[in-house]
Amino acid sequence: MKNWVLLVITIIVVFGLGLLASSVVNRKSEAQFAYAPELNISENEPRNEVWGKNFPKEYQSFLQTADTSFATYQGGSKMRDVLEEDPRLVMLFAGYGFAKDYNQGRGHQYAIEDLHNSLRTGAPTGPDDGPMPSTCWTCKSPDVPRLMNEKGIAEFYSGKWASKGEEVVNAIGCADCHNPKDMGLRISRPALVEAFQSMGKDIEKATHNEMRSLVCAQCHVEYYFDKKKPGAEGVPYLTFPWQGGMTVEAMEKYYDDLNFKDWTHAISKAPMLKAQHPGYEIFMTGIHAERGVSCSDCHMPYRTEGGIKFTDHHVKSPLDNVANSCQVCHREEATELITNVYDRQQKAAENRLKLEDALVRAHLEAGKAWELGATEEQMKDILQDIRHAQWRWDYASAAHGGSFHSPVETARVIGSGTNKVQDARLKLARLLASLGFNEELPLPDIDTKEKAQKYIGLDIEKMEADKERFTKNLVPKWLENAKKREAAYDSKKVSSIN
């Protein structure tokens, strides 16, 4: 009887091992033929769907960036009106485009659509019309490296935003980060290469793991438009202010030494700096970067289907994918990890909002000083303090995920901004007293976006009407012309391997 039992067990084990071996062989075969390319993709092919024919799993995951249902405490992919949530920003950006419209960015697939719809891009009626330069397209599409290759870098930056409207139509995707031959990571935006050169570094020596963050750093960084670049004078040339380093103080000094300003504040007349989104710079000061974690590890973690391991191109908040992002390294429960993130963000926000309040008052008090006859000499140091304080506030606010990526550095930046604005307000109190005003300046009623925009003189209804005409009349023509142009690509630039 025992012999029969042993025989049965042996047969079952052998059968199971056979199934396992068969599965392993099938998975290896699946992985081996998963990336058998169907097409030869041209060097600057901008259409993501074409790349998807050779890399279907990555492409299918990329398509999921169309999902905008997930929201976190201060991020996610859901459309959010930042000015409506915090009307103080209208006052802080008075005189600048962000006072008109400031929506949180959605997934990469909406990069073109959201730029079309933003009030900041105005309502151009033709290629030479509108408030924004062509440079504003730079981070929005794989059509950008194509155009830079065809026209030249400076020529791409030249002209109005509307001049490239029918050329830039494909949303952020494959060609922005990959070469078509082997899908190796590449830098497609010259500004990052030039920034490394300005620091005496060679980006070609970056490791593969470093590249998994650097491809993101092409866009998620602080930048400005340099109109004095040798050989491209007058062109708004995209430049990263990293020559002296990537800290908030180093970039501030860079701008101060150039006497550069993004705009003059409409109330205080301070020469202002707009922090764009220095996510990479702040990330590099945090513990994850110190431990060798890349942006892709958390925002584009590896995924396995069958026998195939690939990078998930559903670029999104790690909090919507804790199992594959955070819990690869951390063993805590998902709810605990999310709570830890929110704790850090909420503590940073508490001090950031106090700094906002003080900045709004500083701008208003400076405006009052001008009204009472203050001189430029009397206001010079005050306005510099306001400039430096708001630069720090904006640097901490605009850095995507900064209060989690590097909570210590974010707290330090907000703290130094608070010190700067306190200095400005102390000087303003003394100046206002010398001008005969020795009382607290009452705040205007600016507790909604609409009230604040009306206070600074914006006619939003007209802007929205103009924008509606633009999206109905000009944008469809852009897309129609682009469709005709791209119809010729299939025969000229893409060929079947077979």
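Residues numbered from 1 in each chain as written. Predicted model: local features only at pLDDT ≥ 70, side-chain atom pairs only at ≥ 80, totals over all residues. Heavy atoms only, no water.

Asks: What exactly am I supposed to notice about the pattern of salt bridges here?
Replies: In a structure, side chains of opposite charge can pair up when their charged atoms sit close to one another. In this structure the tally under the stated criterion is 38 salt bridges. Put simply, glutamate 167 and arginine 146 hold a salt bridge, and the shortest N to O gap is 2.9 Å. In this pair, glutamate 167 sits in the loop between helix 8 (153-157) and helix 9 (174-177) while arginine 146 sits in helix 7 (residues 143-151), placing the two residues 21 residues apart along the sequence. Under the relative-accessibility criterion, glutamate 167 is labelled buried at 17%. Under the relative-accessibility criterion, arginine 146 is labelled buried at 2%. Salt bridges sharing partners connect three or more residues here, namely Asp86, Arg88, Arg352, Glu356 and Asp357. (Salt bridge = Lys/Arg side-chain N within 4 Å of Asp/Glu carboxyl O. Helix = DSSP H or I, 4+ residues; strand = E, 2+ residues; numbered from the N terminus. Buried < 20%, exposed > 50% of the residue type's maximum accessible area, 1.4 Å probe, protein only.)

Asks: When you look at the packing of aromatic side chains in this model, what are you seeing that I'm missing?
Replies: Aromatic ring pairs are reported here in terms of the distance separating the ring centres and the angle at which the planes meet. Applying the stated criterion across every chain yields a total of 25 aromatic pairs. Look at phenylalanine 93 and phenylalanine 98: their rings are 5.7 Å apart centre to centre, the planes differ by 45°, and that puts the pair in the tilted class. Exposure class is identical for phenylalanine 93 and phenylalanine 98. Each is buried. Here the aromatic rings of tyrosine 255 and tryptophan 391 are separated by 5.8 Å at their centres, their planes lie at 85°, and the arrangement is edge-to-face. Within this pair, whereas tyrosine 255 is found in helix 12 (residues 248-258), its partner tryptophan 391 is found in helix 17 (residues 376-398), the two being separated by 136 residues in sequence. Judged by relative accessible area, tryptophan 391 falls into the buried class, the value being 0%. (Phe/Tyr/Trp six-rings, centres within 6.5 Å; stacked < 30°, edge-to-face > 60°.)

Asks: What is the right way to look at the packing of helix 21 (residues 460-473) against helix 22 (residues 475-487) in this model?
Replies: For any two helices packed against each other, one specifies the crossing angle of their axes together with the interaxial distance. Remark: helix 21 packs on helix 22, axes separated minimally by 3 Å, with the N-to-C direction vectors making an angle of 25°. The orientation of helix 21 relative to helix 22 falls into the category roughly parallel. Across the interface between the two elements, Phe470, Thr471, Lys472 and Asn473 of helix 21 pack against Val475, Pro476, Lys477 and Trp478 of helix 22. Broken down by class, the residue content of the contact of helix 21 with helix 22 amounts to four nonpolar, two polar and two charged. (Axes fitted to C-alpha atoms, helices over the stretch in contact; angles between N-to-C directions. Parallel < 35°, antiparallel > 145°, perpendicular 65-115°, else oblique. Contact = heavy atoms within 4.5 Å. Nonpolar A, V, L, I, M, F, W, Y, C, P; charged D, E, K, R; others polar.)

Asks: For this particular structure, what's the right way to read the pairing of strand 7 (residues 308-311)?
Replies: One face of the sheet, then the other: side chains in a regular strand alternate in exactly this way. Of the strand pairs in this sheet, strand 6 (residues 302-305) and strand 7 are connected by four bridges, and their pairing is antiparallel. Bridged to tyrosine 302 within strand 7 is threonine 311. Two successive antiparallel strands, strand 6 and strand 7, enclose a turn made up of two residues, where glycine 306 displays a positive phi of approximately 60°. (Pairing = 2+ DSSP bridges.)

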